[in-house]
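Architecture at a glance
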Amino acid sequence: MAAKEKIVSREFPEYIRDPNPDVGLDESIKDLKPEQIEKTIMAVLGAQTARIRAVMETCIHCGLCAGACQWYLSSDKDPTFAPVAKMKMTAWEMLKRKGKVDAEFIKQSARIVFTECNICHRCSMYCPYGLDITFIIGLVRRICFMLGVVPQRMMDQDHSHATTLNQVWYTQNDWVDTMQWQEEEVGAEFKDLRIPIDKEGAEVIWYPLGGEPKTNTYHIERTAKIMMVAGVDWTVAGRDTWDTSNMPMFLRDFTTMNRVVRGLYDNAARLRVKKMVLTE
Amino acid sequence: MLDFIRDPSIYNLVRGPFVWIAFLVFIGMSVYKVRRLYLMAKNEKVVLPSIKIGAAGRSILHWIFPFGSRNWRLKWPVTITTFVFHIGLIFTPIFLLSHNILWYESWGISWWSMPEKVADIMTLLVIVTSVIFFMRRIFAPEVRFVTSSNDLLILAISFFPFLTGFLAYHSLLLPYKAMLILHILFGEAMLIAIPFTRLAHMFYFFMTRAFMGSQAAGWGGKDW
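Residues numbered from 1 in each chain as written. Chains lettered and ligands numbered in written order. Predicted model: local features only at pLDDT ≥ 70, side-chain atom pairs only at ≥ 80, totals over all residues. Heavy atoms only, no water.

Some points on helix α14 (residues 254–271) of chain A
Residues and elements named next belong to chain A. For α14, built from 18 residues, the straight-helix expectation of 26 Å at 1.5 Å per residue is met to within 8% by its first-to-last C-alpha distance of 26 Å. Those residues of α14 lying buried are Thr256, Val260, Gly263, Leu264, Asn267, Ala268 and Leu271. In an axial view of α14, the angular spread of the buried residues amounts to 125°, which keeps them on one side of the axis. Among the exposed residues of α14, those pointing more than 90 degrees away from its buried face are Thr255, Arg262, Tyr265 and Ala269. (Helix = DSSP H or I, 4+ residues; strand = E, 2+ residues; numbered from the N terminus. Expected span 1.5 Å × (residues − 1). Buried < 20%, exposed > 50% of the residue type's maximum accessible area, 1.4 Å probe, protein only. Arc of directions from axis to C-beta.)

The structure is reproduced here in structure tokens:
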């Protein structure tokens with residue numbers, strides 16, 4: 001077998017990876033202009049805010065965060081997977097060059113922050129200063145998102161949320177129809193089982209994840225059975241704000257992320273429910 | 001060159017105005033930097049309301065004592081090195097007999113001073129742990145990858161006052177007076193450098209820990 005071709009970073013020769021073609025990264029960088037990149041970076045990272053400055057002016061580069069990262073631990077302790085290394089290769093380099101980086105660098109940053117970090121916050125638990133490394137990675141994600149350089153699947157989920165407020169391109173009709181269909185299905189087993197839609201004054205409002213009504217509909221009927229047996233006074237949302245899987249959060253698409261969360265709270269307020277119960 | 005360094009007027013300079021400059025810059029700039037970070041946090045709106053005093057205090061306490069946190073226990077060689085280094089770095093200059101005498105002569109203040117032998121050992125430990133840190137920067141892959149020249153610079157800034165102090169005390173390498181003047185200069189350089197470099201973690205430690213301790217408590221967890 002021929003040796004696989006590797007990708008070696010121009011800026012950081014230690015950063016060697018297998019090719020990982022993705023339309024969202026490879027195609028979207030073609031139209032980027034340098035001034036656009038510079039403006040976006042300085043707007044996001046150049047801001048003099050406490051959470052950015054605290055990390056920049058405190059991190060002593062001790063490498064103690066490395067042991068926290070599952071990417072680092074599961075990649076034979078490759079130093080380029082350490083959380084601090086990810087900051088160095090993205091945010092620090094961007095700031096060092098005052099935003100004057102090229103499209104290829106943005107692609108490399110996008111690969112690092114989207115596909116080599118799960119923004120789990122574990123590194124902050126291992127940092128002697130408790131620095132919010134994830135926050136910085138999130139800002140780099142925001143830069144990449146604003147430039148449109150995002151892995152295709154993630155960008156598609158974000159578009160789905162922006163359009164339909166759920167992850168799976170479900171319309172409100174699809175959603176209400178699925179709830180009624182599931183109620184019918186279970187009717188064969190439990191004749192009194194109901195899936196109340198938009199019931200005012202219910203105690204609990206239940207929110208599924210996007211995939212449940214779309215591909216795992218049996219989750220719906222099982223939840224309904226549990227609620228019935230437990231005697232919970234429950235309801236589901238009748239509007240299209242029912243999906244709690246907030247994918248825009250992972251892109252730091254603040255606008256859509258805000259709409260998703262606001263929709264969930266709006267339902268609860270409108271129906272005067274006491275508790276919100278989420279799948280997860 | 002040596003005669004120049006040993007010149008009494010140089011001694012008077014580093015012992016007089018330079019000390020004032022060093023302390024004023026150190027204290028003034030440190031207050032400014034801490035205040036600046038606090039004001040930025042205030043402007044950011046989400047930072048200060050998330051602070052929980054109890055969680056912040058517990059987070060600071062767990063990390064300020066050796067082996068108080070999970071990572072201190074996992075990385076025990078680093079923990080031992082860093083605590084020996086920092087204890088020596090902070091307490092030796094404050095409780096050194098010779099420093100106490102200088103304060104007494106200048107300002108008429110003095111406090112408890114540690115036995116000379118203990119101070120000598122602690123200085124030596126700071127020198128040794130500095131070298132260990134330097135080796136770690138070179139030989140630990142995850143540290144080497146993120147090491148830049150200013151990491152070595154701030155290590156040098158905290159290393160040389162102790163090296164020259166040790167050499168002066170034992171009259172090694174250079175005549176006592178010359179080494180002493182170098183020692184004072186390096187000490188003053190370190191004081192001035194603290195607020196301007198990432199040595200500011202001396203103060204920021206408490207602020208960043210307070211924030212992350214509170215964040216973790218908000219998520220229903222702990223960060224130690």
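Points about the interface of chain B and chain A
Tallying the contact residues gives 37 residues for chain B and 37 residues for chain A. Taking both sides of the interface into account, the surface hidden between chain B and chain A amounts to around 3200 Å²; carbon and sulfur atoms contribute 63%. Interface area lost by chain B to chain A is led by B:Phe145, B:Val146 and B:Arg198, which between them contribute 22%. A:Arg51 serves as the salt-bridge partner of B:Glu44, at 2.7 Å between the closest nitrogen and oxygen. Taken together, the links from chain B to chain A amount to 17 residue pairs in polar contact (both at pLDDT 80 or more). Of all the secondary-structure elements, those providing two or more residues to the side of chain B that touches chain A are α3 (17–43), α5 (70–74), α8 (116–139), α9 (141–144), α10 (149–169) and α12 (201–218) of chain B. No other element matches the eight residues that α12(B) contributes to the side of chain B that touches chain A. Residues of the side of chain B that touches chain A, tallied by class, amount to 20 nonpolar, four polar and 13 charged. (Contact = heavy atoms within 4.5 Å. Buried area = accessible area lost by both parts, 1.4 Å probe. Salt bridge = Lys/Arg side-chain N within 4 Å of Asp/Glu carboxyl O. Polar contact = N/O pair within 3.5 Å; in protein donor to acceptor, adjacent residues only side chain to side chain. Nonpolar A, V, L, I, M, F, W, Y, C, P; charged D, E, K, R; others polar.)

Structural notes on a nonpolar patch on the surface
All names here are of chain B. The grouping of Trp20, Leu24, Ile87, Ile90, Phe91, Ile94, Trp107, Ile109, Trp111 and Trp112 at the surface amounts to a nonpolar patch, some 1000 Å² of accessible area in total. When residues of the nonpolar patch are traced back to their parent elements, those giving at least two are α3 and α6 (76–95). Following the sequence through the fold, Ile109 ends up in the loop between α7 (97–107) and α8. With relative accessibility at 39%, the residue Ile109 sits in the partly exposed group. (Patch = residues over 30% accessible without salt bridge, like charges linked within 9 Å, V, L, I, M, F, W, Y side chains within 5 Å. Areas by Shrake-Rupley, 256 points an atom, 1.4 Å probe, with all protein chains shown as cover.)

Considering α12(B)
Taking 1.5 Å as the rise per residue, α12(B) with 18 residues should run 26 Å; its terminal C-alpha atoms sit 24 Å apart, in good agreement. Residues B:His201, B:Tyr204, B:Phe205, B:Thr208, B:Arg209, B:Ala210, B:Phe211, B:Met212, B:Gly213, B:Ser214, B:Gln215 and B:Ala216 constitute the buried set of α12(B). Of the surrounding secondary structure, the elements contacted by the buried residues of α12(B) are α3 (50–58) and α7 (122–126) of chain A together with α3, α4 (53–64) and α6 of chain B. A positive phi of about 80° marks B:Gly220, the residue just after α12(B).

Any functional reading would require information that these geometric values do not contain.
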